[in-house]
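Working through the structure, step by step
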Amino acid sequence: EAGVAQSPRYKIIEKRQSVAFWCNPISGHATLYWYQQILGQGPKLLIQFQNNGVVDDSQLPKDRFSAERLKGVDSTLKIQPAKLEDSAVYLCASSFAGTGVDEQFFGPGTRLTVL
Amino acid sequence: AQSVTQPDIHITVSEGASLELRCNYSYGATPYLFWYVQSPGQGLQLLLKYFSGDTLVQGIKGFEAEFKRSQSSFNLRKPSVHWSDAAEYFCAVGPLPGTASKLTFGTGTRLQVTL
């Protein structure tokens, strides 16, 4: 079974530039998550989708971050414009049903460096 | 609000020695508790989880964890560490009843294994 795919794996940009990350979840998984993991910290949930609807985006900085999952499968996370403090690893995860007992499967992440 | 504390930022053990990683949580109800492992350049992999029942939980790779409600702890243990166990370990709690499947992660413990 293929795991969660993410691209690119690494990205270096200058502040005020834009960047987009892509995630393809495990086939059949209804729920998709984007996490931000800053160096030295645990992952923090940015947004959770159930199919193509947003379940939780309470910690997403909506003035600069946006995410979509148009067909309920793959998803993109965009930052526009980027700030220095956005340097982090962006993890995508998926789960089958999105309940509390559901295991989340994580992709390898995209490491973003903002100069 | 739910929170997780991992008091040890970095631990070094010799190969073959026993291991215990500490995790304390703050939670308003019966918790769901998880331990994840993250190897360099990889996503997070679930080691084990506790929802209810037997307070001693067995996981993959020879790991186990014990839920102690009186101490608000969920410590991870392994009787004999292998060099391949060197990684970062995250404890997580969640979600609150009636909410989406949001996990709150601790800041992680980096495990170094000496030969």
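Scroll up to find the structure.
A brief report on the enclosed structure follows. (Residues numbered from 1 in each chain as written. Chains lettered and ligands numbered in written order. Predicted model: local features only at pLDDT ≥ 70, side-chain atom pairs only at ≥ 80, totals over all residues. Heavy atoms only, no water.)

**Notes on the nonpolar core**
All names here are of chain B. Basically, it comes down to this: In this description, a nonpolar core means a group of buried Ala, Val, Leu, Ile, Met, Phe, Trp, Tyr and Cys residues linked to one another through side-chain atoms lying within 4.5 Å. Classification of residues uses two cut-offs on accessible area relative to the type maximum, computed with a 1.4 Å probe and protein chains only: under 20% is buried, over 50% is exposed, and between them is partly exposed. A run of DSSP states H or I qualifies as a helix once it reaches four residues; a run of E qualifies as a strand once it reaches two. Both are numbered from the N-terminal end. Here, two residues are considered to be in contact whenever any of their heavy atoms come within 4.5 Å of each other.
Of all hydrophobic cores here, the largest spans 27 residues; its most connected members are Leu19, Trp35, Leu47, Leu48, Phe74, Leu76 and Tyr89. The set of elements that each furnish at least two residues to this core consists of β2 (10–14), β3 (19–21), β5 (33–38), β6 (44–50), β8 (64–68), β9 (73–78), β10 (87–93) and β12 (109–114). The greatest single-element share of this core, amounting to four residues, is contributed by β10. Every residue in contact with leucine 47, bar those within four places of it in the chain, is listed here: Trp35, Tyr36, Val37, Gly59, Ile60, Lys61, Phe63, Leu76 and Tyr89.

**Focus on the interface of chain A and chain B**
The cut-off we apply is this: Buried area: the accessible area, evaluated with a 1.4 Å probe, that two parts lose upon being put together, summed over both parts. Here, a salt bridge means any side-chain nitrogen of Lys or Arg that lies within 4 Å of a carboxyl oxygen of Asp or Glu. Two N or O atoms form a polar contact when they lie within 3.5 Å of each other; inside protein one atom must be a possible hydrogen donor and the other a possible acceptor, and for residues adjacent in sequence the pair counts only when both atoms belong to side chains.
Taken together, the contacts link 24 residues of chain A with 20 residues of chain B. For the chain A and chain B pair, buried surface summed over both sides reaches about 1,600 Å², with 55% attributable to carbon and sulfur atoms. Where chain A meets chain B, there are zero salt bridges. Our count for the contact surface shared by chain A and chain B stands at two residue pairs in polar contact (both at pLDDT 80 or more). Among the secondary structure elements, those contributing two or more residues to the side of chain A that touches chain B are β4 (31–37), β5 (44–50) and β6 (53–56) of chain A. Here the element with the most residues in the side of chain A that touches chain B is β4 of chain A; it accounts for three residues.

**Overview of the state of the cysteines**
Put simply, the test is: Throughout, a disulfide means two cysteine sulfur atoms within 2.5 Å of one another.
Summed over all chains, the structure comprises two disulfides over all chains. Each sulfur of the disulfide joining cysteine 23 of chain A and cysteine 92 of chain A lies 1.9 Å from the other. Handedness here is read from the sign of the S-S torsion; for cysteine 23 of chain A and cysteine 92 of chain A, about -70 degrees, the answer is left-handed. Note that cysteine 23 of chain A is positioned in strand β3 (residues 19–24) and cysteine 92 of chain A in strand β9 (residues 88–95), a separation of 69 residues in sequence. Residue cysteine 23 of chain A shares its accessibility class with cysteine 92 of chain A, and that shared class is buried. Across the disulfide from cysteine 23 of chain B sits cysteine 91 of chain B; the S-S distance is 2.0 Å. Measuring the twist about the S-S bond at about -65 degrees, one finds the cysteine 23 of chain B-cysteine 91 of chain B disulfide to be left-handed.

**So, the pairing of β6 of chain A**
Residues and elements named next belong to chain A. Quick reminder of the rule: One bridge is not enough; two strands pair if DSSP finds at least two bridges between them.
Sheet topology places β5 next to β6; three bridges connect them, and they run antiparallel. In the sheet register, phenylalanine 49 faces β6, and the bridge partner there is valine 54. In this structure, the hairpin formed by β5 and β6 is closed by a connection of two residues, where asparagine 51 is found at a positive phi of approximately 55 degrees.

**Details of the pattern of salt bridges**
Residues and elements named next belong to chain B. Tallying each qualifying case throughout the model produces seven salt bridges over all chains. Among the salt bridges present, the one from aspartate 8 reaches arginine 22, with a minimum N-O distance of 2.9 Å. Residue aspartate 8 is found in the loop between β1 (3–5) and β2, and its partner arginine 22 is found in the loop between β3 and β4 (24–26); the two are separated by 14 residues along the sequence. For aspartate 8, a relative accessible area of 17% translates into the label buried. Between glutamate 64 and arginine 77 there is a salt bridge, with the nearest N and O atoms lying 3.2 Å from each other.

**Quick notes on unusual backbone geometry**
Among all residues except glycine, the phi angle is most often negative; among peptide bonds, the trans geometry is most common. Residue and element names in this part refer to chain A. Here the amide bond leading from serine 7 into proline 8 is cis, since omega sits at -10 degrees, within 30 degrees of zero. Backbone torsion omega between glutamine 80 and proline 81 reads -5 degrees, so that peptide bond is classified as cis. In this fold, proline 81 is placed in the loop between β8 (75–79) and β9. Within the chain, arginine 16 stands out as a residue other than glycine whose phi angle is a positive 80 degrees.

**Points about the sheet that holds strand β7 (residues 65–68) of chain A**
Residue and element names in this part refer to chain A. The following threshold applies: All axes are obtained by fitting lines to C-alpha atoms, using only the stretch in contact for helices, and the reported angles, taken between N-to-C directions, cover 0 to 180 degrees.
Taken in spatial order, the four strands of this open sheet run β1-β3-β8-β7, and their pairing is antiparallel. At either margin of the open sheet sits one strand with a lone partner, and together these are β1 (5–7) and β7. The average angle at which neighbouring strand axes cross in this sheet is 15 degrees, direction not considered.

**Description of the side chain of serine 95 of chain A**
All names here are of chain A. Secondary-structure assignment places serine 95 in strand β9. A polar contact is formed between the side chain of serine 95 and the side chain of tyrosine 33, at a distance of 2.8 Å. Residues contacting serine 95, with those up to four places away along its chain left out, are His29, Ala30, Thr31, Tyr33, Asp102, Glu103 and Gln104.

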